[in-house]
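The residues making up each chain are set out below.
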Amino acid sequence: MNAWETPHTLALIDLALEEDLGRGDVTSVVTLPAEQQLKGAFVARQQMVVAGLPLVAQVCARVSREIQFDALVPDGAAVKPNTPLATLAGPARAVLAAERTALNFLQRLSGVASLTATFVAAAKAGGARIVDTRKTTPGYRALEKYAVRMGGASNHRADLGSGVLIKDNHVAAVGSLLQAVQRARQQAPHGLKIEVEVDGLEQFDEALQAGADIVLLDNFTLAQVHEAVARRKRAGAAVLLEVSGGVTLATVAELASTGVDLISVGALTHSAPAVDVGLDFVG
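Here goes a summary of the coordinates provided. (Residues numbered from 1 in each chain as written. Predicted model: local features only at pLDDT ≥ 70, side-chain atom pairs only at ≥ 80, totals over all residues. Heavy atoms only, no water.)

A few points about the pattern of salt bridges
Stated precisely, the cut-off is as follows: The working definition used for a salt bridge is a side-chain nitrogen of Lys or Arg within 4 Å of a carboxyl oxygen of Asp or Glu. Where helices and strands are cited, they refer to DSSP runs of H or I of at least four residues and of E of at least two residues respectively, numbered from the N terminus. Each residue is assigned to one of three classes by its accessible area relative to the maximum for its type, calculated with a 1.4 Å probe on protein chains only: buried under 20%, partly exposed between the two thresholds, exposed over 50%.
For the coordinates displayed, the defined rule picks out ten salt bridges. Residue Arg45 pairs with Asp280 through a salt bridge whose shortest N-O separation is 2.7 Å. A residue pair is termed long-range when its members are at least 10 positions apart, and Arg45 in the loop between strand S1 (37-44) and strand S2 (48-49) and Asp280 in strand S12 (residues 277-281) qualify at 235 residues. Residue Asp261 pairs with Arg232 through a salt bridge whose shortest N-O separation is 2.7 Å. Within this pair, whereas Asp261 is found in the loop between helix H10 (252-256) and strand S11 (262-264), its partner Arg232 is found in helix H9 (residues 222-235), the two being separated by 29 residues in sequence. You can call Asp261 partly exposed: its relative accessible area is 24%.

Some details on the nonpolar core
Put simply, the rule is: To qualify as a nonpolar core, a set must consist of buried Ala, Val, Leu, Ile, Met, Phe, Trp, Tyr and Cys residues joined through side-chain atoms within 4.5 Å.
Counting residues in hydrophobic clusters, the biggest one holds 87 residues, and the most contacted among them are Phe42, Leu85 and Ile263. The element best represented in this core is helix H4 (residues 92-123), accounting for 14 residues.

Re the layout of surface pockets
Test applied: Definitions used for this entry: grid spacing 1 Å over protein atoms alone; cavity, a set of points where a 1.4 Å probe fits but cannot get out; pocket, an open set with protein on both sides within 12 Å along at least 5 of 7 lines; lining residue, one with an atom within 4 Å of a point. Grid points are joined across faces, edges and corners, and a volume is the space filled by probe spheres set on the points. As a working rule, the residues Ala, Val, Leu, Ile, Met, Phe, Trp, Tyr, Cys and Pro are called nonpolar, Asp, Glu, Lys and Arg charged, and the rest polar, with Gly in that last group.
In this structure, the largest pocket occupies an estimated 360 Å³ of space. The residue makeup of the lining of the largest pocket, split by class, is five nonpolar, eight polar and nine charged. Here the second largest pocket is characterised by a volume of approximately 260 Å³. Lining of the second largest pocket is provided by 16 residues; of these, His156, Arg157, Lys193, Glu195 and Ile214 occupy positions nearest its centre. If you list the elements that add at least two residues to the lining of the second largest pocket, you get strand S6 (129-131), strand S7 (164-166) and strand S10 (240-244). For the lining of the second largest pocket, the class distribution of residues is seven nonpolar, four polar and five charged.

Section: the pairing of strand S9 (residues 214-218)
Counted only if it meets this: Handedness rule for crossovers: strands pointing away from the viewer, path from the first strand over the helix to the second running clockwise, crossover right-handed. A pair of strands is considered paired only if DSSP assigns at least 2 bridges between the two.
Judged by how many residues are buried, S9 sits mostly within the fold: five of five residues are covered. Taking every second residue as pointing to the same face, both faces of S9 are buried, with Ile214, Leu216 and Asp218 on one and Val215 and Leu217 on the other. This β-α-β element, strand S8 (residues 194-198) to helix H8 (residues 201-210) to S9, shows right-handed connectivity. In this sheet, S10 lies alongside S9 in parallel orientation, the contact comprising five bridges. Paired with Leu217 across the two strands is Val243, which belongs to S10.

Set out below in structure tokens:
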């Protein structure tokens, strides 16, 4: 099921519409005849990567089945300023009732996709894959992770149940990194990778010896990342290396060139600015 078709997302749309239309649209009711029709187009005001048009279609359908919505570009498309993204037509009151909620979703998700595409482009020469984190807007996780994919990156864990990631608090509670990995290997469902977060090279060596499938290098310096990659090579280990912690557009290219496999970037979802999209009416 697509992210915009899940019961959770439909409930989120209804919540957003209730937030804006709980008491109705008094301005449209007192100024527009019920029979008046309106046509318009969502237009990009800036260069951007589009994400969320199927969600906008859902918003329009929830407001009124009389609204006709047609996407002009696919999600994931990189567009220039003044590019029409979609058209809609229908009863003027319904179109105006859907406008703000539709734009809020489209601007937010396209903002995530656009920032993601910038990180992906910066890391491309180094060969590392950009992935997101669970630092998402509450309630928006499936949508924001969808937008990350539209921007060309990949998703990390969807939730706490979709993968094993042993962090410092798990190690402290268990007593040792080795024991935590051993317990995970014995208890985890078949097929789940065992990932371990480490905060230094000594812990990194422990994770290698413990047989982790993925090691997350948390807040490592560039020199430490290079050394971890070298130690993996000397050990002949098949382990994947992931870098995380404070990754920015200024640092991602250098990190990608070190030979790590994954770079997780919380900023893709927690710091993406909304892009500028407008709804222009044509009659």
